[in-house]
Amino acid sequence: MKARTVLVLAVAGAVVIAAFVGAWLFFKRPLEVWNWMNRRALVRAGLTQKSVATPVGAQTVFVGGSGPVLVLLHGAGDQAGTWAKVAPHLIKEHTLIVPDLPGHGDSAPRSGPIEISAVLAGVEAVLDALAPRQRVVLVGNSLGAWMAMLFAHAHPERVALAVCIDGGAIKGHNVHARVLPKTRAEARESVNQTRDPASAYVPNFVLDDIVRQAREGPLARLAATVATMEAYVLDDTQLRELRVPVQLIWGASDRLVPLDYAERMKAQLPQAGLFTIEGCGHVPQVECPDKLLAALRQALKAGP
């Protein structure tokens, strides 16, 4: 009887400790908890986590499904789990390739500055390994949209369609963008730039973690290489010569990369459409996944 009591108390103690640690992580590292939950959701949706050797180090990629290949590329400072709410629907009709971009999530390099050249090289190597000699559809958000356009420009024979969500490969002019907040107030401003005013309120402990990530995370490591990014912007001539059809999907409430950016890009592209999502900001796969899915299905149907 005593042994059983001791066992019960030990199990109860372990549960209490686990709950305490979980609560501590949730309030101190909410973004890490959020990312972990979303990555688990990708696995539950039927994707398998793989590691792909590349010239920039091992890249983590989630792969699953069958049918035409759809590549989902996340934005700066994000990771593959950002697609958790749309992947379960897309996997029914597509083979999904969902990487952590270089320097993000579990992909190398794990420290030091992140060059745009390394991000592009990582995407190229992942597609060489997982979709050799296949024409794919690239769907990218923010930085991922930039990579989708660069890959399409360099390898038009390998891309059936590029779908750019709140991002692209031309110069931006938002001089008021709050990308690397240093205080809670600046983090609030940053969040407001990327979301619709009617979206759920972001609590202060999350803002504090945004500040930490801005100081230590991949976004800061990317920002360290901003001086070299000019070489990876497509000019008007390169856009007009792009042989890959492009569909643009934009959150109407995005103030980080406003709608006029999409309109300028569309005016230069020979084959492009633009779908606007009302009541949504810069990361629609998280903020309004149902609306994004509807727009994405329209974009896939419209082109090529």
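The structure under discussion appears in the preceding block.
Residues numbered from 1 in each chain as written. Predicted model: local features only at pLDDT ≥ 70, side-chain atom pairs only at ≥ 80, totals over all residues. Heavy atoms only, no water.

**Topic: the overall build of the chain**
The helix and strand tally for the chain stands at 12 helices and 8 strands. Taking all 304 residues of the chain together, the buried fraction comes to 48%. In the structure as shown, the chain presents an accessible area of about 14500 Å², 59% of it carried by carbon and sulfur atoms. (Helix = DSSP H or I, 4+ residues; strand = E, 2+ residues; numbered from the N terminus. Buried < 20%, exposed > 50% of the residue type's maximum accessible area, 1.4 Å probe, protein only. Areas by Shrake-Rupley, 256 points an atom, 1.4 Å probe, with all protein chains shown as cover.)

**Points about the nonpolar core**
Grouped burial of nonpolar side chains is what soluble globular proteins tend to show. Ranked by internal contacts, the top residues of the largest apolar core, which has 47 residues, are Met147 and Met149. Listed by contribution, the elements that provide at least two residues to this core are strand S2 (59-65), strand S3 (69-73), helix H4 (116-130), strand S5 (136-141), helix H5 (143-154), strand S6 (159-165), strand S7 (246-251) and helix H10 (259-268). Look past the residues within four positions of methionine 147 in its chain and what remains in contact with it is Leu73, Ile116, Val119 and Leu120. Grouped together as the second largest cluster of nonpolar side chains are 31 residues, Ala41, Phe62, Leu161 and Cys288 included. (Core = buried A, V, L, I, M, F, W, Y, C linked by side-chain atoms within 4.5 Å. Contact = heavy atoms within 4.5 Å.)

**A closer look at the environment of proline 109**
Within the element layout of this structure, proline 109 appears in the loop between strand S4 (95-99) and H4. Judged by relative accessible area, which is 24%, proline 109 ranks as partly exposed. For the pair proline 109 and glycine 57, spaced 52 residues apart in sequence, the C-alpha to C-alpha distance is 6.3 Å. Setting aside chain neighbours within four positions, we find proline 109 in contact with Val56, Pro102, Gly103 and Arg221.

**Description of the pattern of salt bridges**
Within the structure shown, the criterion is met by 13 salt bridges. Among the salt bridges present, the one from arginine 184 reaches aspartate 208, with a minimum N-O distance of 2.8 Å. One end of the pair, arginine 184, is in helix H6 (residues 184-194); the other, aspartate 208, is in helix H7 (residues 204-216), and 24 residues separate them in sequence. When salt bridges with common partners are traced through the structure, they connect Arg29, Glu32, Asp209, Arg212, Arg215 and Glu216 into a single cluster. (Salt bridge = Lys/Arg side-chain N within 4 Å of Asp/Glu carboxyl O.)

**A few points about the sheet that holds S4**
Spatially, the 8 strands line up as an open sheet ordered S1-S2-S4-S3-S5-S6-S7-S8, and their pairing is mixed. Every other strand in the sheet has two partners, leaving strand S1 (48-52) and strand S8 (272-277) as the edge strands with one partner each. On average, each strand axis in the sheet is inclined to that of its neighbour by 20 degrees, with strand direction left out of account. Pairing between S3 and S4: 3 bridges, direction parallel. For valine 71, the partnering residue across the bridge sits in S4 and is isoleucine 97. Contacting S3, S5 and S6, H5 runs over the sheet at an angle of about 145 degrees to S5. (Pairing = 2+ DSSP bridges. Axes fitted to C-alpha atoms, helices over the stretch in contact; angles between N-to-C directions.)

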